[in-house]
Amino acid sequence: MTLPVVAGIDGSESSLLALDWAVDEAVRHGVPLRLVYASLWERYEGALPSTGLGRPSEQVLAEHIVASGAERAERRNPDVKVTTDVIPDDAVAALVREGDGASALVTGSRGRGELKGLLLGSVGLGVVGRARCPVIVVRGDEAGIAGTHERILFGLGDDADTAAESVRFAFREAEVRGCVLDVVRAWRSPARLTRGPEEGAATPEQEASALLDAVLGEASAEHPQVRVHRTTLEGPAGKILVNRSAAADLVVVGSRPRTGHVGLQLGGVGHALLHLAQCPVAIVPQRP
């Protein structure tokens, strides 16, 4: 069965950008698009006094949002197969469940009613922390969202064993877009190396390069047509990736389940990208 791209929409400007991005993503991969509006309107609607002003209920508003979203998607690309649903539930819980049957979840960076000053909305952060499929938060500048750079940025973390899912996702994105895959591994020099490495010991830069070799080998062989630009850079990974996101159409990083806790372990790099990246951010969980 072909898994759809699922986009969470709420009528906000941010969610409309995410919807457009999700349409393009579904078309690139040849999969359906599912638009979902989730809210706890059923729980509260009957408890609120009527204003007598003929204001539409939250349910009517929700149905209007998904119908308008479907029309927008079909105008953007008539070839995309669109389905919609209105779910009377907490938005994070509903989208996390939807993700179990999705190839990817797409959300905006802020929701309807959230403060414009927020760097990342509560729904986006909640979904990223709990979803078991790749989550793309659509944020950044106009060029990054439009995908004009023809470059996918992949940030490699510390552990090759937890990078398998994220590196495969990054290669697939680069392949369907026909663009360069920019793979970056940041490294830091520990204080003990200010006097030079011990004889025969690998330097941090050499270790970083070896980790790239270990992670990229199999994926490169599976996607020989993808052009890979690999880089090792000294410095904080979050800052390096945020800076390089200015020349990327999508930045991809992995995450892993928290030991003994619900959700995913993002770390400082993932949080920095979700709040500051200048292009959409894909957080790809490693299956346990």
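Preceding this paragraph is the structure being described.
Okay, so let's go over this structure. Everything numeric here is computed off the predicted structure, so don't read it as measured data.

Rules and cut-offs
- Residues numbered from 1 in each chain as written.
- Predicted model: local features only at pLDDT ≥ 70, side-chain atom pairs only at ≥ 80, totals over all residues.
- Heavy atoms only, no water.
- Helix = DSSP H or I, 4+ residues; strand = E, 2+ residues; numbered from the N terminus.
- Buried < 20%, exposed > 50% of the residue type's maximum accessible area, 1.4 Å probe, protein only.
- Contact = heavy atoms within 4.5 Å.
- Areas by Shrake-Rupley, 256 points an atom, 1.4 Å probe, with all protein chains shown as cover.
- Salt bridge = Lys/Arg side-chain N within 4 Å of Asp/Glu carboxyl O.
- Phe/Tyr/Trp six-rings, centres within 6.5 Å; stacked < 30°, edge-to-face > 60°.
- Lys NZ or Arg CZ within 6 Å of the ring centre and 35° of its normal.
- Pairing = 2+ DSSP bridges.

## Some details on the overall build of the protein
Here comes step 1: A count of helices and strands for the protein gives 10 helices and 11 strands.
Here comes step 2: In the protein, buried positions account for 45% of the 288 residues.
Here comes step 3: Taking all contacts inside the protein whose residues are at least 6 apart in sequence as the whole, residues at least 24 apart take part in 79%.
Here comes step 4: Accessible surface computed for the protein: about 14,500 Å², of which carbon and sulfur atoms make up 50%.

## A short note on the pattern of salt bridges
Here comes step 1: Within this structure, the stated rule accounts for 13 salt bridges.
Here comes step 2: Here R72 and D20 are joined by a salt bridge, their closest N and O atoms 2.8 Å apart. With R72 in helix α3 (residues 58-76) and D20 in helix α1 (residues 13-29), this residue pair connects regions lying 52 residues apart in the sequence.
Here comes step 3: In this structure R72 comes out as partly exposed when scored by relative accessible area, which is 27%.
Here comes step 4: Notably, a salt bridge pairs R177 with E25, separated by 3.5 Å at the nearest N-O pair. Of this pair, R177 sits in helix α7 (residues 164-177) while E25 sits in helix α1; the two residues are 152 residues apart in sequence, bridging distant segments of the chain.

## Considering the packing of aromatic side chains
Within a pair of aromatic rings, the relevant descriptors are the distance that separates the centres and the angle that separates the planes.
Here comes step 1: Enumeration over the complete set of coordinates arrives at 0 aromatic pairs.
Here comes step 2: Sitting over the face of the ring of W21, R28 holds its NZ or CZ atom 5.6 Å from the ring centroid.

## Here we look at the environment of Q278
Here comes step 1: Checked against the element boundaries, Q278 lands in the loop between α10 (267-276) and β11 (281-285).
Here comes step 2: Along the backbone, Q278 and A246 are 32 residues apart, and their C-alpha atoms lie at a distance of 5.2 Å.
Here comes step 3: The residues touching Q278, leaving out its near neighbours within four places in the chain, are R139, G140, D141, G144, V242, S245 and A246.

## Concerning the pairing of strand β4 (residues 104-108)
Here comes step 1: With respect to burial, β4 is a largely interior element, 5 of its 5 residues being buried.
Here comes step 2: Neither face of β4 is left uncovered, since the one carrying A104, V106 and G108 and the one carrying L105 and T107 both have all their residues buried.
Here comes step 3: In terms of strand pairing, strand β1 (residues 5-8) meets β4 through 3 bridges, oriented parallel. Among the inter-strand pairings, V6 is bridged to a residue of β4, identified as L105.
Here comes step 4: With 4 bridges connecting them, β4 and strand β5 (residues 135-138) associate as parallel partners. Bridge pairing in β5 links G108 to V138.

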